[in-house]
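Observations on chain architecture
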Amino acid sequence: MPSQLTAQDMHLYRHPQIQTGRPYAFDVDDDGVLWEGSHDGLLTHDSRTGECKHVHVNALHHRVICSAICFDGKIVVLHQVADHLTAYDPVTQRARRHPLPGSAPNVWYGMIAAGKLLIFDRALDGGILIYDRLDAPPRKIPKGHPRDEFNSHRVLADGRVLLLITGANLQVLIFDPHREEFVERHEFPGMDNGPTGCVEHDGKLYFADSAGGQLLVYSLSGAKWLDPIPTPDYGKIYGFIGGGFQLGSRGYWCLSTYRFRSRLNPETGEIITPPGWDVGVDGHFPRFLDRFLTFDAATKKFDYLTVPQQPDGIPLACYSAVKGDKAFITGYVIPFGQEKKPTMTAGDWMVWQSFPAEVQPFDASVALSQDPREHLQREARSAPLSRGLFIAEETHTPPVKNMQGPSFEYPPGLEQALQRRVTATDAAAYWRDLAPLVVGTAKSEKGRVALVGWFIQHRLYYNPISTHYLGPIATLESGDSRCGQSVQVAQALFEALGIQSRFAALRNHTVGEVFYDGAWHAQDSLTFGGNQPERDGHVLSAEELKGDPYFADAWPLECFAYRPEQLRSADDFYVLGYTFGEWGSMPYYSGYYGAEWDYPPTLPLTLPAQRVDDDTIRLRWAESIKKGGGVVEYRVQVFEDRAMQNQVSETTLSTNSLSWRPPERNTMYHYTVSAVDAHRRLNANSWYPAQRGNFVLAPKQQYGWYGVI
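Predicted, not measured: the structure shown is a model, and the values here were computed from it.

Along the backbone of the protein there are 9 helices and 47 strands. Dimensions of the protein along its principal axes, counting C-alpha atoms only, are 95 × 70 × 50 Å. The buried share of the protein, taken over its 709 residues, is 53%. Contacts in the protein between residues at least 24 apart in sequence constitute 54% of all its contacts with a sequence separation of at least 6. Accessible surface, the protein as shown: approximately 32,200 Å² in total, 49% of it carbon and sulfur. Of the side chains in the protein, 67 bear a positive and 82 a negative charge, and the two mean positions are spaced by 3 Å.

In structure tokens form, the structure reads like this:
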């Protein structure tokens, strides 16, 4: 550990899987796992691997979690004003509430000293609660006066505990955790300060005066206050100095734009908020800053420890802890609003630690076994409230004036994690190991190319909302891709297999070509998988498709017919912009090969069936529209089996409903609706994705809903 931490010594881990606001005091267990509270559970960050988890604990749901402390093999959670603390067991994954003594306990913080857990109860009848273990009641050392408020605490170099008490007067107390008694008490009448974290050096303590813009200097041997030291930039950059940590002779304090001391109402246990408390020194709402103030007690010099800038928001460095010689700072990335102003929206939880986590290289065998359905499930409605609803791309779309939240192509936290692992991976070995697993025992080059196509189509998600540009390994491992990136993945596999391939640039699209059987063949793996457009067993080349562009329109474009939830945000709005929206916003495939642009109808989403009379129902679906106009018809097919092999009806009509009489009641029927247009004249076999529905015509008096209303 260097004597002075710099930003270059720190390593940032963003966790976009966890969206949070202000975090609270945390602890790190003996295995290097960091535990911090959230509104509905516990957040964990494994400092060894950089991995995170959100541990949902019912006993913690919607309770304030002010501190998490590792003690007695449990995670002790403090709730401010509550009649209990909660202990979570990471082994059994169960939580238990332990009652606290007193009429209205108010516990915010605690610490470990002499192997004991000390909890500071700030209530009128509070004091120090001492636990040897959690399954035994605590011993209580009362406060000197009911209105005394525990304000700051730390373990001194000699193992004793220093406490600062504010109230009528400022008091300095020294508590011996072995003897469990106060051994020194010094009162300083007339001092009205709010000391927070401190640095111990050369017999002196340097406390941050929270809203005073200075360090308060206390002589341990003389038991007196010395001349304070003004801090730089007070009132301009920050208005409040909070808690922190010490390494060597240097102290590190978190900063906030809040402008007032933090005072507690002893009757209610709530923070007293003065007029104007909701406006910080910069004119915006109060918040933590992206930096810690540093002070070297040996040289008396100040500086800042600043989190690296992020493209999508402002990193807020909030709470901190030291485990041995390792430092940890937690916070979150508050998303930008309009003109890159801060918002009050939750953002990515972040951990900034003073050492790197072990980076695991990507394993080719794992890439083959990953289930793409899990990725699609995570992707559905995954754009959080912190992200904007418009993805601007300068060459295609203008910015939106009233945009809220940052617009970016890929969550920066995920991109940073991908980049770390890609850097640690031997790319040549990765593709050399993966390629034979993909093609198996296929002998012909055409068969091997088809297997590569199937693998890419089923392993990658054509992501219309966000993607990164970190190279083919990151593309494959993330599961997110666009056309050119999928070609890069295919080319890496073909090269490892000794098969010649090349790029083929089309209009607004990129595909590959592969050489086998003495000729070049088009290979659009992401779009067509292993079933490329072919005639009489011959897969056409890019030039051949340009000569007959409508030929390929008969092949299913499964990656362009999105499920609606994949294009929506967490709060169920559409994500707009250059995002390749629903079916109908992209042209027919023939347009990429030089044909005139033509756009298919939007999907006819099925609606609940309606009862017409005792024997007739009305199948309904959303009206489809076509870019540029044109007649849209609907092809409705009804089946009596789920496999849709036994067709009982087929109708093509121009209205978006069909009255139909089921042959039998109390029988489940399955149907599909496809919106078809004049493109059929160019290729009679044009592919139109079908929407599905099912229903049962039951008697009116039947209780329950069976698909017909």
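Now that the structure is up, let's keep going.
Moving on, we get to the sheet that holds strand β41 (residues 606-611). Spatially, β41-β42-β45 is the arrangement adopted by the 3 strands of the open sheet, whose pairing is antiparallel. The open sheet is flanked by β41 and β45 (657-660), the only strands paired with a single partner. Between one strand and the next, the sheet's axes are offset by a mean angle of 20°, whatever the strand orientation. Pairing geometry for β41 and strand β42 (residues 617-621), over 4 bridges, is antiparallel. Following the sheet pairing, L607 is matched in β42 by R620.

What follows deals with the environment of S686. Note on placement: S686 falls in the loop between β46 (668-676) and β47 (690-696). According to the relative accessible area criterion, S686 is buried, its value standing at 7%. Of the polar contacts made by the side chain of S686, one reaches the backbone oxygen of N683; its length is 2.7 Å.

Mapping L170 onto the fold places it in strand β17 (residues 170-176). Sequence separation between L170 and R535 is 365 residues, and the spatial gap between their C-alpha atoms is 89 Å. Ignoring sequence-local partners within four residues, the contact set of L170 consists of I165, H186, E187, F188, M191, P195 and W225.

Read across the sheet, 4 strands follow the order β6-β7-β9-β10 without closing on themselves; strand pairing throughout is antiparallel. Each having just a single partner strand, β6 (67-71) and β10 (94-99) make up the two edges of the open sheet. Each strand axis lies, on average, 25° off the axis of its neighbour in the sheet, ignoring direction. Where strand β7 (residues 74-78) lies against strand β9 (residues 84-89), 3 bridges are found, and the strand directions are antiparallel. Directly across from V76, in β9, lies its bridge partner A87.

So, how was this worked out
- Residues numbered from 1 in each chain as written.
- Predicted model: local features only at pLDDT ≥ 70, side-chain atom pairs only at ≥ 80, totals over all residues.
- Heavy atoms only, no water.
- Helix = DSSP H or I, 4+ residues; strand = E, 2+ residues; numbered from the N terminus.
- Buried < 20%, exposed > 50% of the residue type's maximum accessible area, 1.4 Å probe, protein only.
- Contact = heavy atoms within 4.5 Å.
- Areas by Shrake-Rupley, 256 points an atom, 1.4 Å probe, with all protein chains shown as cover.
- Lys, Arg positive; Asp, Glu negative; His and termini not counted.
- Charge placed at Lys NZ, Arg CZ, Asp CG, Glu CD.
- Pairing = 2+ DSSP bridges.
- Axes fitted to C-alpha atoms, helices over the stretch in contact; angles between N-to-C directions.
- Polar contact = N/O pair within 3.5 Å; in protein donor to acceptor, adjacent residues only side chain to side chain.

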